[in-house]
Amino acid sequence: APSPRLDVRRYLTAWDDGSDQTSGFQNAMNLAYSQKGRLILPNGLDVSIGNVTLVMDGNRLDQGFAMEGPGFNGAKIRQVGTPTHLLQFRNSNSTVFPNTAPLVLEGFSLDGTGKTSEGLIITGLAFFVINNVQSRVFTAGIRLQSALIGTIQGGTYVSENNFGIIAQNVGGSGCNRITIRDSIIGGNTTSGLHLLSGGNWSIRDCDIEENGTPGDPTTGAIFVENTIASEFGFAIVSLDGLWLEGNRGTPILINNPTGLVFSMKNTLMLNSPVSEAGIEILCSGADKFSIQDSFAPAPGAVWNISGGSVSLKNVIVNTLIDTGAVRTHYEDITTATLQTPKGRITTY
């Protein structure tokens, strides 16, 4: 763990009254980083900041930084004014390949105002962990820009934003090898998880609820855009053990990406097709598409799947539309009109 441990209160003029502490907070981060240290956010911290940025220009052999609070109800960082962001961690040149900069962010909340700024941005860094952090009421709760080999976990709560978590390539690298687990992504009006970049995504054991806007099919819970495989020509997106409930628009939208391998298993979809178009999954193309041991029990649930190879095993959904599928392999699948207990293979 980074050492020494520096208490942020030593660099603030006040720490528990919600006052603007942008300058002091920036100075504390800079000093902790220069000492390869850990910045401590004490219980009861309540400060407002805007546009605080830490530039990390070394590598895993000569640098490290951690910011640690007691939990997101104990240490609160609020937005003041209309900054572009509250916290950003980036390398010294975000257009080149990421620096390997061990970064740990843990146990605090970021609270925005009117969705006018972004909460947390990580740009051009590798080896990051976000643990038990809340980010809410921003244009984007967490934005990853050419950030890779990272984990978002431990009850992290990203809610009430336009975009919950958005990942993109800004010229250096894709957001490759990212894991999101044991977290909540909820109440984000455009999309909960928006993937424009990344060669390998693992999203598991998360609660993803009430994302999207009623009646707007361009919003939803999980979006995979056609740029995701642009770096290597292929990408893997794996969902496992998700709880999807009450998402609006199009809960899962896969927007015609070339080279995508998409899989979902052990997932329950409890969405609201009665007030929506009913399409819970709309896949407009994927090289390989697989769902296993997953269920969409609502009476009007629709999966509309196009792709090169589509495999479904032990699934229940009301309506399956697969006219855009080239090769299909179904086993133990139940719909309102189709039951395949022993398996069916077409155009193998």
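Structure first, text after, so check above.
In this report, we go over the structure that sits alongside the text. On a predicted model such as this, the values are computed, not experimentally measured, just so you know. (Residues numbered from 1 in each chain as written. Predicted model: local features only at pLDDT ≥ 70, side-chain atom pairs only at ≥ 80, totals over all residues. Heavy atoms only, no water.)

Moving on to the overall build of the chain. From N to C terminus, the chain includes one helix and 31 strands. Overall, the chain is about 70 × 40 × 30 Å in size when its C-alpha atoms are taken along their principal axes. Counting across all 348 residues of the chain, residues that qualify as buried make up 54%. Within the chain, counting contacts between residues at least 6 apart in sequence, those at least 24 apart form 65% of the total. Within the structure as shown, the chain displays about 13400 Å² of accessible surface, and the carbon and sulfur contribution to it stands at 50%. Positive and negative charge centroids in the chain, built from 22 and 29 side chains respectively, lie 6 Å apart. (Helix = DSSP H or I, 4+ residues; strand = E, 2+ residues; numbered from the N terminus. Buried < 20%, exposed > 50% of the residue type's maximum accessible area, 1.4 Å probe, protein only. Contact = heavy atoms within 4.5 Å. Areas by Shrake-Rupley, 256 points an atom, 1.4 Å probe, with all protein chains shown as cover. Lys, Arg positive; Asp, Glu negative; His and termini not counted. Charge placed at Lys NZ, Arg CZ, Asp CG, Glu CD.)

Here the focus is the pairing of strand 9 (residues 118-123). Counting buried positions along strand 9 gives six out of six residues, so the element sits mostly inside the fold. As paired elements, strand 7 (residues 85-91) and strand 9 share five bridges and run parallel to each other. Each residue of the ladder has a partner; that of Leu87, found in strand 9, is Leu120. Taken together, the five bridges between strand 9 and strand 11 (residues 140-145) define a ladder with parallel strand orientation. Paired with Ile122 across the two strands is Leu144, which belongs to strand 11. (Pairing = 2+ DSSP bridges.)

In this model helix 1 (residues 22-34) runs 18 Å from its N-terminal to its C-terminal C-alpha over 13 residues, within 8% of the 18 Å that 1.5 Å per residue would give. The set of residues buried in helix 1 consists of Gly24, Phe25, Gln26, Ala28, Met29, Ala32 and Tyr33. Among the residues trailing helix 1, Lys36 stands out with phi positive, at a value near 55°. (Expected span 1.5 Å × (residues − 1).)

Summed over all chains, the structure comprises eight salt bridges. Two residues, Arg5 and Glu68, come together in a salt bridge whose shortest N-O distance is 3.6 Å. Residue Arg5 is found in strand 1 (residues 5-7), and its partner Glu68 is found in strand 5 (residues 65-68); the two are separated by 63 residues along the sequence. We note a salt bridge from Arg78 to Asp46, for which the minimum N-O separation is 2.8 Å. In this pair, Arg78 is assigned in strand 6 (residues 75-79) and Asp46 in strand 3 (residues 45-49), connecting sequence segments 32 residues apart. (Salt bridge = Lys/Arg side-chain N within 4 Å of Asp/Glu carboxyl O.)

The residue Ser309 is located in strand 28 (residues 302-317) in this model. Between the alpha carbons of Ser309 and Val326 there is a distance of 6.2 Å; along the sequence they are 17 residues apart. In this structure Ser309 touches Ala286, Asp287, Lys288, Phe289 and Arg327, once residues within four positions along its chain are discounted.

Further remarks concern empty space enclosed by the protein. As enumerated under the stated definition, the model contains two cavities of 30 Å³ or more in all. As a volume, the largest cavity reaches approximately 60 Å³. Forming the walls of the largest cavity are 14 residues, and the residues nearest its centre are Gly174, Ser197, Gly198, Ile228 and Glu231. Here the residues of the lining of the largest cavity sort into five nonpolar, eight polar and one charged. (1 Å grid on protein atoms, 1.4 Å probe; cavity = no way out; pocket = protein on both sides within 12 Å on 5 of 7 lines; lining within 4 Å. Points joined across faces, edges and corners; volume = space filled by probe spheres on them. Nonpolar A, V, L, I, M, F, W, Y, C, P; charged D, E, K, R; others polar.)

Turning our attention to the side chain of Ser135. Position of Ser135 among the secondary structure elements: in strand 10 (residues 125-136). From its side chain, Ser135 meets the backbone oxygen of Gly141 in a polar contact 2.7 Å long. For Ser135, the residues in contact, after removing those within four places along its chain, are Leu110, Gly119, Leu120, Gly141, Tyr157, Val158, Ser159 and Asn161. (Polar contact = N/O pair within 3.5 Å; in protein donor to acceptor, adjacent residues only side chain to side chain.)

With that settled, the discussion passes to the state of the cysteines. Applying the stated rule across the entire model yields zero disulfides. Here Cys206 is not disulfide-linked; the sulfur of Cys175 is the nearest cysteine sulfur, at 17 Å. (Disulfide = S-S within 2.5 Å.)

Tallying each qualifying case throughout the model produces three aromatic pairs. Plain terms: the ring middles of Phe65 and Phe89 are 6.0 Å apart, the flat faces sit at 35° to each other, and that makes the pair tilted. Here Phe89 lies in strand 7 and Phe65 lies in strand 5, a separation of 24 residues in the sequence. Across this residue pair, the class does not change: Phe65 and Phe89 are buried. Just above the ring of Trp15 sits the side chain of Arg9; from NZ or CZ to the centre is 4.9 Å. (Phe/Tyr/Trp six-rings, centres within 6.5 Å; stacked < 30°, edge-to-face > 60°. Lys NZ or Arg CZ within 6 Å of the ring centre and 35° of its normal.)

Function cannot be read off these values alone, since they describe shape.
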